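Close look at the chain arrangement
What follows is the residue order along each chain.
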Amino acid sequence: QLRMDIQRLELHHEKLAAQIKERHGVFLVDVIEVFKKRPMPTQEELERITTIEKTIKNMGSINLTAIEEYDEVKTRYDFLTSQRDDLDKAVVSLRQAINQINRTSRKRFKESFEAVNEMFQKVYPRLFRGGEARLELCDSDDLLECGVDIIAQPPGKKLQNVGLLSGGEKALTAAALVFAIFLIKPTPFCVMDEVDAPLDDANVGRFNEMLKEISKISQFIVITHNKQTMSFTDRLYGITMEEPGMSKVVSVDLDAV
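Reference entry: report on the structure contained in this document.

What to know about the layout of surface pockets
Reported here for the largest pocket is a volume of approximately 900 Å³. Contributing elements (two or more residues each) for the lining of the largest pocket: α1 (2–24), α2 (28–37) and α3 (43–59). Looking at the lining of the largest pocket element by element, the count peaks at 6 residues for α2. Among the residues making up the lining of the largest pocket, the classes are represented as 13 nonpolar, 2 polar and 5 charged. Quantified by volume, the second largest pocket comes out at close to 750 Å³.

Structural data, given as C-alpha cells:
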C-alpha cells in the first residue's frame, strides 16, 4: 500500500512539475529550494494571484503568429502612411497651382475685359452712326464667377440693358461686340449664321463695311440670304436644285468677276 501511495505521489509530482514547466517555464527541481525558503503568501497576495489568473484566462489563448501579423500590418500601415503623405503633398501642390492659375486668370481676364470694353466703345458708334455702349461686370469682387452686362444707347434712345433693345439693335450690338473682340485678338476664321437677318438696309450696309474691314485680319464665313451682304463677299457658295431631289453646289469668285 505504501509503495502504491509513493507511486501515486510520484506521478502527481511529475504532473505538477510538467504543469509548472508549461505554465511558468521553469523546472520545479531548480526552484523548489528557493520556494521553501519563501514565506507563505498572505491573503492579499492570494487574492492578487486569483485576480491575475482571471485576467490571463480572460485574455484567451496566446496568438503564436502575432509577431508575423504585426509585421505585416505595420508594413501595410507604413505603405498607406507614405501614400497619404504623398497625397497630402499633391493636394498642397494642386492648391498652390490652382491659386496661381486663378491669380493669372483674374489678371488676364481683367486686362482682356478692359481692352475689349475700350474697343467696344469705339466700334459701337461706327455701326450705329452714334450712340454709346459699354461692358459692365456684375460682380467686380469675383472676376472668375461674375457675369458681364452689355449697356447700350442707340442714337435717340436712353441708356439701357441690351435685353431691352429691339431685335435688330440686339443683333447689331452683338456684332459690335464680336468685331471688338476680333480687333483685339483675331482668330483664323469666324462663322456667322444669318446675323444680318434682323437688320434693315442701312444697318446691313454698315455691318458689311465693318465686316469687310475686319476680313483683312481674319477669314469670315457668312451664311446669309441678304443680297447686299452677298455683294460684299469675295466668294459665294450656294445650293441649288435644278432637278427635284438633286442638290448642286454653285460657287462664284466675285474678285475674278
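Overview of the packing of helix α4 (residues 66–128) against helix α5 (residues 167–184)
Interhelical geometry of α4 versus α5 gives an angle of 130 degrees and a closest axis separation of 8 Å. Between α4 and α5, the crossing angle belongs to the class labelled oblique. As for the relative orientation of α4 and α5, their crossing is right-handed in sense. Here A115, V116, M119, F120, V123, Y124, L127 and F128 of α4 lie close against α5, whose contacting residues are E169, L172, T173, A175, A176, L177, F179, A180, I181, L183 and I184. Grouping the amino acids of the contact of α4 with α5 by side-chain chemistry returns 17 nonpolar, 1 polar and 1 charged.

Structural notes on unusual backbone geometry
In this structure, R129 is a non-glycine residue whose phi angle is positive, near 55 degrees. The phi dihedral of E194 falls on the positive side, at around 55 degrees, and the residue is not glycine. Position of E194 relative to the elements: it lies in the loop between β4 (189–193) and α6 (201–214).

Some words on the packing of aromatic side chains
By the definition in use, this model includes 6 aromatic pairs. With centroids separated by 6.4 Å and ring planes inclined at 75 degrees, the aromatic side chains of F179 and F220 adopt a geometry described as edge-to-face. With F179 in helix α5 and F220 in strand β5 (residues 219–223), this residue pair connects regions lying 41 residues apart in the sequence. In terms of burial, F179 and F220 fall into one category: buried. Relative to F220, the ring of F182 has its centre 5.2 Å away and its plane inclined at 40 degrees; by these criteria the two rings are tilted. In this pair, F182 sits in helix α5 while F220 sits in strand β5, placing the two residues 38 residues apart along the sequence. Taken individually, F182 and F220 each receive the classification buried, so the pair is uniform in this respect. Grouping aromatic residues by their ring pairs yields a cluster made of F179, F182, F207 and F220. When the ring centre of F27 is taken as origin, the NZ or CZ atom of K21, which lies over that ring, is 5.4 Å away.

Observations concerning the pattern of salt bridges
Per the stated rule, a full pass over the model turns up 11 salt bridges. K157 is the partner of E169 in a salt bridge, and the nearest nitrogen-oxygen pair spans 2.7 Å. Taken as a pair, E169 in helix α5 and K157 in the loop between β2 (148–153) and β3 (160–161) lie far apart in primary sequence, 12 residues in all.

A closer look at the pairing of β4
With burial as the criterion, only one face of β4 is covered, namely that bearing C190 and M192; the residues F189, V191 and D193 on the opposite face remain uncovered. Assessed by its sense of winding, the connection that carries the chain from β4 through α6 to β5 is right-handed.

Things to note about the pairing of β2
Here 6 bridges tie strand β1 (residues 132–137) to β2, and the two strands are oriented antiparallel to one another. For E132, the partnering residue across the bridge sits in β2 and is Q153. Pairing geometry for β2 and β3, over 2 bridges, is antiparallel. From the neighbouring strand, I151 faces β3, where its bridge partner is N161.

Some details on the nonpolar core
F120, V123, L127, F179, F207 and F220 are the most contacted members of the largest nonpolar core, which totals 31 residues. Counting only elements with at least two residues in this core, the list comes to α4, β1, β2, α5, β4 and α6. Aside from chain neighbours lying at most four places away, what touches L127 is L172, A175, A176, F179, N203, R206, F207 and M210.

Things to note about the environment of R206
Mapped onto the elements of the fold, R206 is located in helix α6. Residue classification places R206 among the buried residues on the basis of a relative accessible area of 17%. Each C-alpha atom of the pair R206 and F128 lies 7.9 Å from the other, and the pair is 78 residues apart in sequence. Residues contacting R206, with those up to four places away along its chain left out, are R126, L127, F128 and R129.

Cut-offs used in this document
Residues numbered from 1 in each chain as written. Predicted model: local features only at pLDDT ≥ 70, side-chain atom pairs only at ≥ 80, totals over all residues. Heavy atoms only, no water. 1 Å grid on protein atoms, 1.4 Å probe; cavity = no way out; pocket = protein on both sides within 12 Å on 5 of 7 lines; lining within 4 Å. Points joined across faces, edges and corners; volume = space filled by probe spheres on them. Helix = DSSP H or I, 4+ residues; strand = E, 2+ residues; numbered from the N terminus. Nonpolar A, V, L, I, M, F, W, Y, C, P; charged D, E, K, R; others polar. Axes fitted to C-alpha atoms, helices over the stretch in contact; angles between N-to-C directions. Parallel < 35°, antiparallel > 145°, perpendicular 65-115°, else oblique. Left-handed = near helix turned anticlockwise from the far one by under 90°. Contact = heavy atoms within 4.5 Å. Phe/Tyr/Trp six-rings, centres within 6.5 Å; stacked < 30°, edge-to-face > 60°. Buried < 20%, exposed > 50% of the residue type's maximum accessible area, 1.4 Å probe, protein only. Lys NZ or Arg CZ within 6 Å of the ring centre and 35° of its normal. Salt bridge = Lys/Arg side-chain N within 4 Å of Asp/Glu carboxyl O. Right-handed = clockwise from strand over helix to strand, strands pointing away. Pairing = 2+ DSSP bridges. Core = buried A, V, L, I, M, F, W, Y, C linked by side-chain atoms within 4.5 Å.

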